[in-house]
Amino acid sequence: MKKAFFTYLLVSILFGCNYPTEEKLTGKSELAVSWELISNFTGENDEFDARFFVKNNGKQELDDKHWTLFFNMAPRPILPNKTPQPARVEHINGDWYKLVPESGFALAPGDSIEIRYMGTEGVIKKTDAPLGLYIVYYDDEGQEKRIEQIGDATVMPFVRNEQLLRGKEDQKSLPTAAQRYQDNLDVYPVLKEELLKIIPSPVRMEAGKGTFKLDGSQGISFGKGLETEANFLNKRLGEITRTKYGTRQSDERTSGMVLRIGEVAVNGIKKEAYRLDISPERILIEGADAAGVFYGVQSLLALIPFEAYSQKSISLDAIKIEDAPRFHTRALQVDVSRNFQTKETILRTLDLMAFYKLNQFLLYTTEDEGWRLEIDGLPELTEVGGQRQHTSGMDATALHPAYGSGPVAYEVGKHGSGYYTRADFVEILKYAAARHIKVIPELNLPGHALAAIKAMEARYERLMKEGKEKEANEYRLIDPDDRSEYLSAQGYKNNTVSVAQESTYRFYDKVVDEMAKMYQEAGLKMDVIHAGGDEVPEKVWTASPMADKLMKDNPSIKDPKNLQAYFFEKLVGRMKKKGLTVHGWEEVALLKAEDGSYQPNAAFADGSVVPYIWNNLFDYKDLGYRLANAGYPVILCNVSNFYFDISYNNDPEEPGLYWAGFVDTRDNWEFAPFNMFSTTEETNFGRKLDVARDFRGMEKLRPGARKNIIGVEAQLWGETVKGREMLEYLMLPKIMGFAESAWAKARDWEEMPPGENRRKRVGEAWNIFANTLATKELPRMSRFNNGYNYRIPLPGAVVEDGTLKANVAFPGLRIWYTTDGSEPTLKSTEYTTPINVSGEVRLKAFDKAGRSSRTTLVKM
């Protein structure tokens, strides 16, 4: 991993006109800025009204010419002011905005000023507020003179209904303690014997008699080809019990722990299948392959209770388990481009995936906001594309700030800059392979390519200055004469490559070839590339001379909107020659018809393209089934179930996005892959969906096409994910629910018809799962791998006739409270029954490990 400041200095020397020099960076500003959402109910649908308060604590007046305030904000179009304001908010690019003074603006020392503005799409989260504020001062010629970061920046709380709901269409309940209490009434404690023994649930389990004592006196024997699995078990047991275990190659032992490969099939499934047999004499893990043995090891480790961690002697009940996965692709995607995550965070994520039996990791290292992988021969990709800082504008050959990364590259505590060296990536590959996880590399074109474009423009300028015109154009990604005007889904105006020049394809080949070399160095073969292919903006290439020539030379293209399909067909052919299967988001498998609708592209139904389908909620709710029925191998990534970056709920303090509604652990768990209309339960604005009404005319999955649903994937996009703690908070416990949907056999409720019987059965099953989370899985995460930052839901609370009642979302959690204004701890008073209190009450939910939720506040 690379996060050294020398890269920033080097690039400043090379491209100084675009980067802030140390002389310009003068520290924190004496301005104080606060921001408030006024209302999402402006009289117009889907608009918001907000304001800045700026106070001048300095000694110099702010005039109307010599400054601009820059910031990042969840990208939304800005509307014209209805009334004159002293300054205006302007969108620059992506989520980068600026506040510009109007003529006559004046802010004297000690004075404050209010600046209002309006935009589209309701705002309900603190993570939507302006971030990374800094002010740039200019001289009389308009040249940048100095840059100061705003150290005193605050966000006013969201407390009123018009701040908590997104507008008139929002049908979600208000995020109150009383609403949580009502929601929690559906769950209740169960007996210890009813808890799940392992998540994800095995196919078959049979209790035995007696116990096996795990105390370090037993060795680990392993069959041929299982040394990696034996060493993994040895290391994990050593970490849990603080006791040393030995390993030796032999699968004939009748005592101790034995790992071996044998004839194992569970419900006709051999791949990744295993048997785990714990008796008083020995532990036998037998797999159909090495992966099966590895998953048997994970089930063994899952049987060790949280309370036994750090004990040198552990007694395990005798049990026989037979197990195999429902899907052979059980994937997690992590975006490290929007906000960078360290190599160590990625390794911890791989450990978490392995424990919950996930086997594919889509590492998203290229996006508009950052290029995160070192590529030999193209140093600008990381020197320019791997860092963000203040630039002279969107046309500079550098990446501007995004997601609050601020004006300085590699600033401590910010996440806009950083990349993985070749050695880092090789280490990640090896680490994943040892855990039977396949890392899928990603190279997203033609859209989402701003970081690559900026890097290759910097390369072009450098080589042109050296008089090397041929080399300068070798990997150039744009048509310099393109005057197309467009806006991407994330607000970018310049993030799409030219598909009409060979240098774009040459660039793709170069990067893929270098990636393949890293796989080879790790002792692996790269056989898949994820090509992205999503969200290519409307109107792109409409004013590109190169695109015009390409269409004249190829009359069948007809329209610029078909150029994406042209690009992808050409790309797939080139990747086939390299022995690569191409994965991509759903758009890669579609053609755009003349009426603007999308239809499956039959040319790719031969298995050479694997579409990942996220859209089950908007205009193409049945797209996954349509493509599977057409013969495509499909990976379901349903946004309403599997987007970890979507906020748990509409509490303004909860981080995350909400463009697709809200996704909690139950949504991850409650998924029926062959009957997904029944588990798409509400719109993004909270309107309840009815299968008969809202999915009428939709294409259902044909029985013969079930085999084409080859797996499922959870997504963790990085817009709001600032560092390891937030990443883990958004993953845990969601990944547990997802694992149950990905691995466990079909639940009995999945294909039940809608109605009360189904609702009751789902509720009973979820209640057991929720109890298991609180009692076993979450406490374990406090110790596993030295502890993860998992989320504990806030308790619900309601006052009825002067009596306070409280409850929890996951039975097994316990509540402590205070009445003196202090934060509850385990030394506070425990809530066990309704109480009569007065004044202000603070409550927290705690698990057995002592971890807690945020505070619920109730005023009597």
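Scroll up for the structure.
Everything quoted here is computed from the prediction, not taken from an experiment. (Residues numbered from 1 in each chain as written. Predicted model: local features only at pLDDT ≥ 70, side-chain atom pairs only at ≥ 80, totals over all residues. Heavy atoms only, no water.)

What follows deals with the overall build of the chain. Along its length, the chain carries 20 helices and 37 strands. Rg of the C-alpha trace for the chain: 28 Å, near the compact-globule value of 29 Å for 860 residues, within the 12% margin. A buried classification covers 60% of the 860 residues belonging to the chain. Within the structure as shown, the chain displays about 33500 Å² of accessible surface, and the carbon and sulfur contribution to it stands at 49%. (Helix = DSSP H or I, 4+ residues; strand = E, 2+ residues; numbered from the N terminus. Rg over C-alpha atoms; globule rule 2.2 N^0.38 Å. Buried < 20%, exposed > 50% of the residue type's maximum accessible area, 1.4 Å probe, protein only. Areas by Shrake-Rupley, 256 points an atom, 1.4 Å probe, with all protein chains shown as cover.)

On a regular strand, one side chain projects to one face of the sheet and the next to the other, so that they alternate. Most of strand β33 (residues 814–818) is tucked away: 4 of the 5 residues are buried. One ladder, built from 5 bridges, connects β33 with strand β36 (residues 840–846); its direction is antiparallel. What sits directly across from R814, in β36, is F846. Here β33 runs beside strand β34 (residues 829–831); their pairing, made up of 3 bridges, is antiparallel. Considered in β34, the bridge of W816 is made with E830. (Pairing = 2+ DSSP bridges.)

This part covers the sheet that holds strand β17 (residues 282–287). If you walk across this open sheet you meet the 7 strands as β12-β18-β16-β17-β15-β13-β14, and the pairing is mixed. With one partner strand each, in any of the chains shown, β12 (204–214) and β14 (247–249) form the two edges of the open sheet. Averaged over all pairs of adjacent strands, the angle between their axes in this sheet comes to 20 degrees, without regard to strand direction. Examined bridge by bridge, strand β16 (residues 274–278) and strand β18 (residues 314–323) share 5 bridges and lie antiparallel to one another. Opposite R275, over in β18, you have E322 as the bridge partner. In the packing of helix α4 (residues 227–241) onto the sheet, the strands contacted are β12, β13 (220–222), β14, β15 (256–261) and β18, and the crossing angle to β13 comes to about 165 degrees. (Axes fitted to C-alpha atoms, helices over the stretch in contact; angles between N-to-C directions. Contact = heavy atoms within 4.5 Å.)

On to the environment of L716, then. You can see L716 is positioned in strand β30 (residues 709–716). Here L716 falls in the buried class, since its relative accessible area comes to 1%. Residues L716 and I346, spaced 370 residues apart in sequence, show a C-alpha to C-alpha distance of 12 Å.

On to the packing of aromatic side chains, then. Applying the stated rule across the entire model yields 42 aromatic pairs. Between F52 and Y117, the aromatic rings sit 5.7 Å apart at their centres with planes inclined by 25 degrees, giving stacked as the arrangement. With F52 in strand β3 (residues 47–56) and Y117 in strand β8 (residues 112–120), this pair connects stretches of sequence that are 65 residues apart. Summarising the burial analysis for this pair, F52 and Y117 share the class buried. Aromatic pair Y643 and W659: ring centres 6.1 Å apart, planes at 80 degrees, arrangement edge-to-face. On the criterion of sequence distance, the pair formed by Y643 in the loop between α15 (639–642) and α16 (665–669) and W659 in the loop between α15 and α16 is long-range, its members being 16 residues apart. Note on W659: relative accessible area 37%, which makes it partly exposed. Across the ring face of W669, the terminal group of R747 is positioned such that the distance to the ring centre comes to 5.5 Å. (Phe/Tyr/Trp six-rings, centres within 6.5 Å; stacked < 30°, edge-to-face > 60°. Lys NZ or Arg CZ within 6 Å of the ring centre and 35° of its normal.)

Here we take up α4. Between its terminal C-alpha atoms α4 stretches 21 Å, which fits the 21 Å expected from 15 residues at 1.5 Å a residue. The set of residues buried in α4 consists of E229, A230, F232, L233, N234, R236, L237, G238, I240 and T241. R242 lies just past α4 and shows a positive phi near 55 degrees. (Expected span 1.5 Å × (residues − 1).)

Along β17, 5 of the 6 residues are buried, which leaves the element largely enclosed by surrounding structure. In this structure, β15 lies alongside β17, joined through 6 bridges in parallel fashion. Paired with L259 across the strands is I285, a residue of β17. Summarising the sheet, β16 and β17 pair through 5 bridges and their orientation is antiparallel. From the neighbouring strand, R275 faces β17, where its bridge partner is E286. The loop that links β16 with its antiparallel partner β17 comprises 3 residues.

All right, on to empty space enclosed by the protein then. Going through the model one piece at a time under the given rule, you end up with 4 cavities of 30 Å³ or more. By volume, the largest cavity amounts to about 40 Å³. As for the largest cavity, its lining consists of 11 residues, and the residues nearest its centre are Y410, E411, K414, G416 and S417. Here the residues of the lining of the largest cavity sort into 3 nonpolar, 4 polar and 4 charged. (1 Å grid on protein atoms, 1.4 Å probe; cavity = no way out; pocket = protein on both sides within 12 Å on 5 of 7 lines; lining within 4 Å. Points joined across faces, edges and corners; volume = space filled by probe spheres on them. Nonpolar A, V, L, I, M, F, W, Y, C, P; charged D, E, K, R; others polar.)

It is worth spelling out the side chain of S484 at this point. Counting through the fold element by element, S484 comes out in the loop between α10 (469–472) and α11 (502–521). A polar contact of 2.6 Å, which involves the side chain of S484, links it to the side chain of D482. A distance of 3.3 Å separates the side chain of S484 from the backbone nitrogen of W541, its partner in a polar contact. Residues within four places of S484 in sequence aside, it is in contact with K539, V540, W541, T542, A543 and S544. (Polar contact = N/O pair within 3.5 Å; in protein donor to acceptor, adjacent residues only side chain to side chain.)

Attention now goes to the side chain of T683. Note that T683 resides in the loop between α16 and α17 (691–694). Dropping the residues within four chain positions of it, T683 is found in contact with L617 and L689.

Time to look at the pattern of salt bridges. What the rule picks out here adds up to 66 salt bridges. Among the salt bridges present, the one from D513 reaches K578, with a minimum N-O distance of 2.8 Å. Of this pair, D513 sits in helix α11 while K578 sits in the loop between α13 (563–577) and β25 (581–585); the two residues are 65 residues apart in sequence, bridging distant segments of the chain. Judged by its relative accessible area of 34%, D513 falls in the partly exposed class. (Salt bridge = Lys/Arg side-chain N within 4 Å of Asp/Glu carboxyl O.)

For the rest of this paragraph, the subject is the environment of A774. Mapped onto the elements of the fold, A774 is located in helix α20 (residues 756–781). Judged by its relative accessible area of 0%, A774 is buried. For A774 and E466, which are 308 residues apart along the polypeptide, the C-alpha to C-alpha distance reads 63 Å. Sequence-distant contacts of A774, that is, excluding residues within four places in its chain, are made with P779, F810, P811, G812 and L813.

A word on the environment of L381. Structurally, L381 can be placed in helix α7 (residues 380–383). Here L381 falls in the buried class, since its relative accessible area comes to 0%.

Just distances and angles here, no functional claims.
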